[in-house]
Amino acid sequence: MNVDKLIKDTEILYPKYVPSYKPGIELITPIIFKGIVKQTPAFYKWTIDRVLSLNSESKIFYTRYDPFIKAQYWQQCLINSYESNANEILSRIKNNQFQNYAIEESDAIFADNDILFQELTENNPFISESDIKSYNPSFWYAPNNRVVDLHVDYTSLVLFQLQGEKTVRLIPPEQKKYLKTVPEEKVSKFCRHLNFDPIHYAHEVKHTQWCEFKCFESDKSDSERNIQGYQVKLAPGDAILIPDKWWHATINHSSSLASNVFFLKDKVDWNKIDKFYE
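Residues numbered from 1 in each chain as written. Predicted model: local features only at pLDDT ≥ 70, side-chain atom pairs only at ≥ 80, totals over all residues. Heavy atoms only, no water.

I'd like to hear about the overall build of the protein, residue by residue, with values.
When helices and strands are tallied, the protein shows 10 helices and 14 strands. Across the 278 residues of the protein, 53% fall into the buried class. In the protein, once contacts between residues fewer than 6 apart in sequence are set aside, the share between residues at least 24 apart is 84%. Carbon and sulfur atoms provide 49% of the accessible area of the protein, an area that totals close to 13,100 Å². (Helix = DSSP H or I, 4+ residues; strand = E, 2+ residues; numbered from the N terminus. Buried < 20%, exposed > 50% of the residue type's maximum accessible area, 1.4 Å probe, protein only. Contact = heavy atoms within 4.5 Å. Areas by Shrake-Rupley, 256 points an atom, 1.4 Å probe, with all protein chains shown as cover.)

In structure tokens, the structure reads:
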């Protein structure tokens, strides 16, 4: 990806694209909501210590990725995927033993704790407590410089940045022709070789497609240099809506704590979002 060709994030700030996001209308482009979740208790209450302490006995899923190893991101994360209880992970974080690791998509944090449900939904215009189960929220934590490399999800989502800062790179679906994607069968064979359980296997193979492209490295092929997209920097309290089939990758600029939910546009209170920006 040629950074010079990236479109500025100001092009996708709310409320510019309000008409495109009304119920029943297809999502066209990502959109940034600056400071939209600063009134949500999750923004001012959540720390990694508190979240993990509230889930002390829960089994939490986490992965390891080393950017200096040649193996692709998706391969490393599948090989180096683990489960430990929250207390053990918190101890490792406090002892500075969690570098290159990340808590990724750990829905167990919400499944085992109603307090975190309530804190994420209160004053959050995208989700409500009564509908939270249908959103299937995920929890993310990673240290400085941790990368989640380029992939695409088959469901639109909203990412809430709660602590720390990160850069998100977004590539539209039509740019796929410049990417070397990972065939589903290749990931499927890899998962079977690792003896993944059926639930984990289904998520990796059916919900996400990976790409053999290291989005934050400068060494690119001629084809990859043609890629154009957006580069967005998220600060605490920001949210970004990523439509399905949009490729995206992230890199942290500090320890980062975030959550995401599937985007159910027919349940979003757009009047509440509009009032935030009045």
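Having put the structure on the table, let's press on.
Could you give an account of the pattern of salt bridges, naming the residues involved and the relevant values?
Enumeration according to the criterion identifies 7 salt bridges in this entry. A salt bridge links Glu119 to Lys45, with the nearest nitrogen and oxygen atoms 3.9 Å apart. With a gap of 74 residues between them, Glu119 in helix α6 (residues 114-121) and Lys45 in helix α1 (residues 41-45) connect regions that are remote in the sequence. A salt bridge links Lys245 to Asp244, with the shortest nitrogen-to-oxygen separation between them at 3.0 Å. (Salt bridge = Lys/Arg side-chain N within 4 Å of Asp/Glu carboxyl O.)

Just give me the short version of the side chain of Lys166, but keep the residues and values in it.
Structurally, Lys166 can be placed in strand β9 (residues 166-171). Glu104 provides the closest opposite charge to the buried, salt-bridge-free Lys166, at an N-O distance of 10 Å. Among the polar contacts made by the side chain of Lys166, one reaches the side chain of Ser256 at a distance of 3.1 Å. With residues near it in sequence (within four places) discarded, Lys166 still touches Leu159, Gln161, Val232, Lys233, Leu234, Thr250, Ile251, Asn252, His253, Ser256 and Ala258. (Lys, Arg positive; Asp, Glu negative; His and termini not counted. Polar contact = N/O pair within 3.5 Å; in protein donor to acceptor, adjacent residues only side chain to side chain.)

Describe helix α8 (residues 184-193), naming the residues involved and giving the relevant values.
Taken together, the buried positions of α8 are occupied by Val187, Ser188 and Cys191. All buried residues of α8 fall inside an arc of 100 degrees around its axis, so they share one side. Residues of α8 that are exposed and point over 90 degrees away from its buried face: Lys189 and His193. Of the residues one or two after α8, Asn195 is the one with positive phi, at around 60 degrees. (Arc of directions from axis to C-beta.)

Describe the pairing of strand β13 (residues 247-252), with residues and values.
Counting buried residues along β13, 6 of its 6 residues qualify, which places the element largely inside the surrounding structure. Of the two faces of β13, the one carrying Trp247, Ala249 and Ile251 and the one carrying His248, Thr250 and Asn252 are both buried. Here strand β7 (residues 147-153) pairs with β13 via 4 bridges, running antiparallel. Bridging across to β13, His151 finds its partner in His248. One ladder, built from 6 bridges, connects β9 with β13; its direction is antiparallel. Residue pairing across strands places Arg169 opposite Ala249, the latter belonging to β13. (Pairing = 2+ DSSP bridges.)

Tell me what's going on with helix α4 (residues 86-94), and back it up with residues and numbers.
Within α4, burial applies to Ala86, Ile89, Leu90 and Ile93. Buried residues in α4, looked at end-on, bunch into an arc of 100 degrees, giving them a common side. Here the buried face of α4 lies against α2 (48-53), β3 (59-64), β4 (81-85), β5 (101-103) and β6 (138-142). Regarding α4, its N-cap is Asn85, as a side-chain oxygen of that residue lies 3.1 Å from the backbone nitrogen of Asn87 further along. Remark: Asn96 follows α4 within two positions and exhibits a positive phi of approximately 60 degrees.

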